[in-house]
Amino acid sequence: MKLATLRNGAPDGQLAIISQDLTRFTQASAIALTLQSALDQWDQVLPDLQALSDQLNAGHIAGKPFDASMAMAPLPRAFQWIDASAYMSHLERVRSATGSKDAELQDDRPIMYQGGSDTLLGAHDDVVVPADDLAVDFEAELAVILGPVAMGATAEAAASAIRLITICNDVSLRRLVADDLQGGFGFFHAKPSSSFGPIVATPDEFGAAWDGKKLSGKLQSRINSVLVGQPRTEVDMLFDFPRLISEAARTRNLGAGTILGSGTVANTHDEVLPIGSDGIGFSCIVEARTAEKQKSEKAVTPFLREGDEVAIRFVADDGSTPLGEIKQIIQIKA
């Protein structure tokens, strides 16, 4: 089943069911007004949502044309947004980046931060930043949306809380990272509103590509239509999603609607930009710049500038893009 939150003038939008080919939708407001209300009563509403989805996909409901620009963030005002770092090759590349501290980058327990979640961006919303000298970067990730998780839950128990899967752009202002980390409280100004894909899908939509812990496929990123990265999402993921959820719940309960990001998807390689159609590349600019410094002692890939377009999509092994695409323009606030 595929869902989206569509704009209707209300802060939390309205819940819709999207056809498997992402071309049509039907409103689900008779079952649950919003995605959060569906998550709050998931076991009760899931059968009705699934039945409506089946009718739409079978053609028994005509539906209306779906345009990803209609979609808000799946949870525009989420109760909680947690971003982790599951891919060690990403951490290894940024250890020498400004503001990173080796002591804070661990490989025996996932690290994570709690981000702002009151104004999450839709897949086609512009990324608006307050100045042009902040080293704007994208970070392409997977994310899961959870049901309730009890404090101290094991990874096995946590796995059953995964309700939905989507993609994410964890926007970063690299020039503010050092100030945030040196302040001692972690990320704040360096992490403006994150962006999420237009579609969320139940794990069964991915078939064998979802093994209950990891999703297999490529996460493709483009800047101004140029391919900059397509690492495989199941490769080099040291901490799988149940392990991340268990760590997040180590000292607290997690409420229904918690969003948990994988961290920047990264595979080990020695490439630099540009990459070919079969290259691996990078899911953020700071990694590309670090690789360039290591190879030629000079970073040449620029950070994002006003007017640049960032596009992110998950590509399954059959070539399909079951979660749609994030496509955003960078804007400087006047």
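Cut-offs used in this document
- Residues numbered from 1 in each chain as written.
- Predicted model: local features only at pLDDT ≥ 70, side-chain atom pairs only at ≥ 80, totals over all residues.
- Heavy atoms only, no water.
- Core = buried A, V, L, I, M, F, W, Y, C linked by side-chain atoms within 4.5 Å.
- Buried < 20%, exposed > 50% of the residue type's maximum accessible area, 1.4 Å probe, protein only.
- Disulfide = S-S within 2.5 Å.
- Helix = DSSP H or I, 4+ residues; strand = E, 2+ residues; numbered from the N terminus.
- Pairing = 2+ DSSP bridges.
- Contact = heavy atoms within 4.5 Å.
- Phe/Tyr/Trp six-rings, centres within 6.5 Å; stacked < 30°, edge-to-face > 60°.
- Lys NZ or Arg CZ within 6 Å of the ring centre and 35° of its normal.
- Axes fitted to C-alpha atoms, helices over the stretch in contact; angles between N-to-C directions.
- Polar contact = N/O pair within 3.5 Å; in protein donor to acceptor, adjacent residues only side chain to side chain.

Asker: I'd love a proper account of the nonpolar core, names of residues and values included.
Answerer: By size, the foremost hydrophobic cluster in this structure holds 73 residues, and its most contacted members are Phe138 and Phe314. Judged by nonpolar contacts, the second largest core, of 29 residues, contains Leu35, Ala73, Ala78 and Ala256.

Asker: An account of the state of the cysteines is needed here, citing residue identities and associated values.
Answerer: For the structure on display, the rule yields 0 disulfides. Cys284 supplies the cysteine sulfur nearest to Cys168, a cysteine that is in no disulfide, at a spacing of 13 Å. Look at Cys168 and you get buried, because its relative accessible area is 0%.

Asker: Pulling in residues and values, what's your account of the pairing of strand β17 (residues 309-315)?
Answerer: Within β17, 5 of the 7 residues are buried, which leaves the element mostly enclosed by the surrounding structure. Sheet topology places strand β14 (residues 218-223) next to β17; 6 bridges connect them, and they run antiparallel. Note on β17: the bridge partner recorded for Gln220 is Arg313. Judged from the 5 bridges that link them, β17 and strand β18 (residues 325-332) form a sheet pairing that is antiparallel. Residue Glu309 lies in a different strand from β18, and its bridge partner there is Ile329.

Asker: Tell me about the environment of Gly212, residues and numbers included.
Answerer: Mapped onto the secondary structure, Gly212 falls in the loop between β13 (200-201) and β14. A relative accessible area of 22% means that Gly212 is categorised as partly exposed. Along the chain, Gly212 and Phe241 lie 29 residues apart, while their C-alpha atoms are 8.4 Å from each other. When near neighbours in sequence (up to four residues on either side) are disregarded, Gly212 contacts Ala159, Ile162 and Pro242.

Asker: I'd like to hear about the packing of aromatic side chains, residue by residue, with values.
Answerer: Aromatic ring pairs are defined here through the distance separating the ring centres and the angle between the ring planes. Inspection of every chain in the model, using the stated rule, returns 4 aromatic pairs. Taking 6.2 Å as the distance between ring centres and 85 degrees as the angle between the ring planes, the aromatic pair formed by Phe206 and Phe314 counts as edge-to-face. In this pair, Phe206 sits in the loop between β13 and β14 while Phe314 sits in strand β17, placing the two residues 108 residues apart along the sequence. Judged by its relative accessible area of 0%, Phe314 falls in the buried class. Taking 6.4 Å as the distance between ring centres and 40 degrees as the angle between the ring planes, the aromatic pair formed by Trp210 and Phe241 counts as tilted. Of this pair, Trp210 sits in the loop between β13 and β14 while Phe241 sits in helix α6 (residues 241-248), placing them 31 residues apart in sequence. Using a relative accessible area of 12% as the deciding quantity, one classes Trp210 as buried. According to the relative accessible area criterion, Phe241 is buried, its value standing at 1%. In this structure, Lys191 is placed above the aromatic ring of Phe187, and the distance from its NZ or CZ to the ring centre is 5.1 Å.

Asker: Which residues make up the sheet that holds β14, and what values do they have?
Answerer: In space, the 5 strands of this open sheet follow the order β7-β18-β17-β14-β15, with mixed pairing throughout. On the outer flanks of this sheet lie β7 (127-129) and β15 (226-229), each paired with one strand and no other. With direction set aside, neighbouring strand axes in the sheet form an average angle of 25 degrees.

Asker: Now, about unusual backbone geometry: what can you tell me, with residues and values included?
Answerer: The omega torsion across Leu273 and Pro274 is 0 degrees, close enough to zero to call that bond cis. Along the chain, Pro274 turns up in the loop between β16 (259-261) and α7 (285-296). Residue Leu22 is not a glycine yet carries a positive backbone phi of 65 degrees. Position of Leu22 among the secondary structure elements: in the loop between β2 (14-18) and β3 (24-27). When its relative accessible area of 17% is taken as the criterion, Leu22 is described as buried. Phi is positive for Glu297, close to 65 degrees, though the residue is something other than glycine. Mapping Glu297 onto the fold places it in the loop between α7 and β17. Of the residues examined, Glu297 reaches a relative accessible area of 74% and is grouped as exposed.

Asker: Lay out the side chain of Ser117 with the relevant residues and their values.
Answerer: Structurally, Ser117 is set in the loop between β6 (112-115) and β7. Here the side chain of Ser117 touches Ala78 through a polar contact of 2.7 Å, landing on its backbone oxygen.

Asker: Describe α6, listing the residues and the values that go with them.
Answerer: Counting buried positions over the 8 residues of α6 gives 7, a clear majority of the element. When α6 is considered as a whole, its buried residues turn out to be Phe241, Pro242, Leu244, Ile245, Ser246, Glu247 and Ala248. The inward-facing, buried residues of α6 abut β5 (81-84), β6, β9 (140-146), α4 (155-159), β10 (162-169) and β16. The distance from a side-chain oxygen at the start of α6 to the backbone nitrogen of Arg243 is 3.0 Å, and the residue carrying that oxygen is Asp240.

Note that every value here comes from positions in space, so none of it alone points to a role or purpose.
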